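Okay, here's what each chain looks like letter by letter:
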Amino acid sequence: MASEIKKIAVLTSGGDSPGMNAAIRSVVRTCAYMELECVAIYRGYQGMIEGDFKEMDARSVNNIINKGGTVLKSARCEEFRTKEGRQKAYEQLRKHNIDAFVVIGGNGSFTGALLFNKEFGFPVIGIPGTIDNDILGTSYTIGFDTAINTVVEAIDKIRDTASSHNRLFFVEVMGRDVGHIALNAGVGAGAEEILIPE
């Protein structure tokens with residue numbers, strides 16, 4: 001492992017969330033400012049295993065900040081869950097002289113990054129990008145605020161129909177195993193009852 005970091009890769013992994021492109025832009029522009037090489041890894045850990053890399057500079061991230069999703073694409077990668085898959089990924093990083101990587105994703109992406117770091121001693125930075133807000137150690141993940149506002153806006157519209165027809169509506173939101181979206185949107189929208197997995 002190189003003692004000095006000269007080349008950094010950035011990837012998005014798992015489900016996309018609003019704000020991922022802004023985070024990608026920040027990583028690339030920070031590398032440019034610090035005079036470090038930056039490489040994009042397309043399709044998350046799958047792209048890392050396959051060597052789907054592209055050099056990036058400050059011009060590469062023009063006009064992406066307002067776009068939804070992730071310009072680097074995203075994927076879930078079963079192969080990365082295996083020791084052999086992570087070994088292939090490590091070999092691709094070494095082949096391209098990458099000294100560290102930044103992963104933008106949720107708890108599954110962070111779990112993979114932590115395991116990779118422990119196995120290979122490879123420097124990794126995680127930027128929490130998940131609407132679920134289920135990353136320990138951060139107050140609000142990238143995408144959480146947008147998810148809350150989207151749900152509250154939808155509930156406001158549903159309430160008009162519910163009132164017009166004197167009906168009760170159940171609204172189910174995302175969040176996998178955590179109720180952060182349900183709780184915060186429910187409070188924000190004035191729900192009568194809020195049911196959360198916790």
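Rules used throughout
Residues numbered from 1 in each chain as written. Predicted model: local features only at pLDDT ≥ 70, side-chain atom pairs only at ≥ 80, totals over all residues. Heavy atoms only, no water. Axes fitted to C-alpha atoms, helices over the stretch in contact; angles between N-to-C directions. Helix = DSSP H or I, 4+ residues; strand = E, 2+ residues; numbered from the N terminus. Parallel < 35°, antiparallel > 145°, perpendicular 65-115°, else oblique. Contact = heavy atoms within 4.5 Å. Nonpolar A, V, L, I, M, F, W, Y, C, P; charged D, E, K, R; others polar. Salt bridge = Lys/Arg side-chain N within 4 Å of Asp/Glu carboxyl O. Buried < 20%, exposed > 50% of the residue type's maximum accessible area, 1.4 Å probe, protein only. Phe/Tyr/Trp six-rings, centres within 6.5 Å; stacked < 30°, edge-to-face > 60°.

Chemist: Mind showing me how you'd approach the packing of helix α3 (residues 83-95) against helix α4 (residues 107-120) here?
Modeler: For any two helices packed against each other, one specifies the crossing angle of their axes together with the interaxial distance. Closest axis-to-axis distance for the α3/α4 pair is 11 Å, and the angle between their directions is 75°. On the basis of their axis angle, the class for α3 and α4 is roughly perpendicular. Of α4, the residues touching α3 (which contributes Lys-83, Arg-86, Gln-87, Ala-89, Tyr-90 and Leu-93) are Leu-115, Phe-116, Glu-119 and Phe-120. Considering only residue class, the contact of α3 with α4 consists of six nonpolar, one polar and three charged.

Chemist: Any chance you could explain the pattern of salt bridges here in plain terms?
Modeler: Where charged atoms of side chains with opposite charge meet at close range, the side chains can pair. Using the criterion set out here, one finds eight salt bridges in the structure. Put simply, Glu-78 and Arg-81 hold a salt bridge, and the shortest N to O gap is 3.6 Å. Side by side, Glu-78 and Arg-81 carry an identical accessibility label, which is exposed. Linked through salt bridges whose partners overlap, the residues forming this network are Arg-43, Glu-50 and Asp-52.

Chemist: Looking at this structure, how should I read the packing of aromatic side chains?
Modeler: Aromatic ring pairs are defined here through the distance separating the ring centres and the angle between the ring planes. All chains considered together, the criterion is met by 10 aromatic pairs. On the numbers, 6.3 Å between centres and 55° between planes, the contact of Tyr-90 with Phe-116 is tilted. Pair noted here: Tyr-90 is in helix α3 and Phe-116 is in helix α4, with a separation of 26 residues, a long-range link. By relative accessible area, Phe-116 is classed as buried at 0%. Relative to Phe-122, the ring of Phe-116 has its centre 5.7 Å away and its plane inclined at 75°; by these criteria the two rings are edge-to-face. There is no split in this pair, since Phe-116 and Phe-122 are both buried. These aromatic residues form a ring-pair network of at least three members: Tyr-45, Phe-80, Tyr-90, Phe-101, Phe-116, Phe-120 and Phe-122.

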